[in-house]
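# Coordinate analysis (summary)
One-letter residues, chain by chain:
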Amino acid sequence: MLSHDRVWAAIDALAERYSLSASGLAKRAGLDSTAFNKSKRLSSDGRPRWPSTESLAKIIEATGASLDEFTGLVEGRGKPVPGSLPAQRSSVPLLGFAQAGAGGFFDDAGFPAGQGWDLIELPARATETSYALQVQGDSMLPLYRNGDVLIVEPGAATRKGDRVVVKTNAGEVMAKVLDRQTAKSIMLVSLNPDHPDRDIPMRDVDWVARIVWASQ
């Protein structure tokens, strides 16, 4: 049975899981930064104030979490979720999106290679093959902002709805939502509504890697 305390505790836990504060989670979801403040959880007369279903949908979308993940947090099931990264510190290779399109930084499978990578320490544990790409510009708004860091896991299985980084043979690097992938083509939905969706022949795709975590 849902309770007021459990729902709000789940929101706090979701923010912590993705290395955000409650206000940071609200901003990432496009809500007022005070939307999840503790003072907003009770009305002036002391009655419980519940988050709206719209707000819950937005924070699930903003973090890339699943409904099952959020439900598990409500129920107190704090099991690790595939693709989420526990809150421990780790150093991973870092490269800017603008540099990622140049040659020499990745091998044929999309793993980091060559020189020119920096190291960044993040409040999350990454695998040995994870690396970080730093967002540059506003082409990924409203989900990812200039300066945000995306943790990418090459070789991880991808499915419809995953956020992915795709590199083309022409050197173009983009972050999109995977809509469909077949042997012939990959259909990508843009994070920014001002940018078109893409349907790219697989013969033109160098590699596809899943985004498993994002920092502010």
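The name that an unreviewed UniProt entry assigns to the chain is DNA-binding protein, with the source organism given as Mesorhizobium temperatum.

## Concerning helix H3 (residues 53–63)
Three or more residues of H3 are buried, namely Ser55, Leu56, Ile59, Ile60, Ala62 and Thr63. Summarising the axial view, the buried residues of H3 lie within an arc of 165°, below the 170-degree limit, and thus occupy one face. Turned more than 90 degrees away from the buried face of H3, the exposed residues are Thr53, Glu54 and Glu61. Each element contacted by the buried residues of H3 is listed here: helix H1 (4–17), helix H2 (22–28), helix H4 (67–74) and strand S5 (163–168). Of the residues trailing H3, Gly64 is marked for its positive phi of about 80°.

## Details of the pattern of salt bridges
Tallied over the entire structure, the rule returns 9 salt bridges. Ionic pairing is found between Glu61 and Arg163, a salt bridge with its closest N-O pair at 3.1 Å. In this pair, Glu61 is assigned in helix H3 and Arg163 in strand S5, connecting sequence segments 102 residues apart. Across the salt bridge formed by Asp179 and Lys160, the nearest N and O atoms sit 2.7 Å from each other. Of this pair, Asp179 sits in strand S6 (residues 173–181) while Lys160 sits in the loop between strand S4 (149–154) and S5, placing them 19 residues apart in sequence. When salt bridges with common partners are traced through the structure, they connect Asp12, Lys38 and Arg41 into a single cluster.

## Description of the nonpolar core
Grouped together as the largest cluster of nonpolar side chains are 28 residues, with contacts concentrated most on Ile11, Phe36, Ile59 and Phe70. The set of elements that each furnish at least two residues to this core consists of H1, H2, H3, H4, strand S1 (90–96), S4 and strand S9 (205–215). No other element matches H1, which puts 5 residues into this core. A domain split of this core shows at least three residues from each of domain 1 (4–75) and domain 2 (91–215). Sequence-distant contacts of Ile11, defined by excluding residues within four places in its chain, comprise Leu25, Phe36, Pro51, Leu56, Ile59 and Phe70. Counting residues in each nonpolar core, the second largest holds 23 residues, with Phe97, Phe106, Met140 and Tyr144 among its members.

## Re the packing of aromatic side chains
Taken as a whole and judged by the stated rule, the model has 6 aromatic pairs. Ring geometry for Phe105 against Trp117: centres 6.2 Å apart, planes inclined by 85°, an arrangement best described as edge-to-face. Here the residue Phe105 occupies a position in the loop between helix H5 (97–100) and strand S2 (118–122), and Trp117 occupies one in the loop between H5 and S2, the gap between them amounting to 12 residues. Phe105 gets classed as buried once you look at its relative accessible area, which sits at 14%. Considering the side-chain rings of Phe106 and Trp117, the 5.4 Å spacing of their centres and the 85° angle between planes classify their relative orientation as edge-to-face. Of this pair, Phe106 sits in the loop between H5 and S2 while Trp117 sits in the loop between H5 and S2, placing them 11 residues apart in sequence.

The rules behind these values
Residues numbered from 1 in each chain as written. Predicted model: local features only at pLDDT ≥ 70, side-chain atom pairs only at ≥ 80, totals over all residues. Heavy atoms only, no water. Buried < 20%, exposed > 50% of the residue type's maximum accessible area, 1.4 Å probe, protein only. Helix = DSSP H or I, 4+ residues; strand = E, 2+ residues; numbered from the N terminus. Arc of directions from axis to C-beta. Contact = heavy atoms within 4.5 Å. Salt bridge = Lys/Arg side-chain N within 4 Å of Asp/Glu carboxyl O. Core = buried A, V, L, I, M, F, W, Y, C linked by side-chain atoms within 4.5 Å. Domains from an automatic or database assignment. Phe/Tyr/Trp six-rings, centres within 6.5 Å; stacked < 30°, edge-to-face > 60°.

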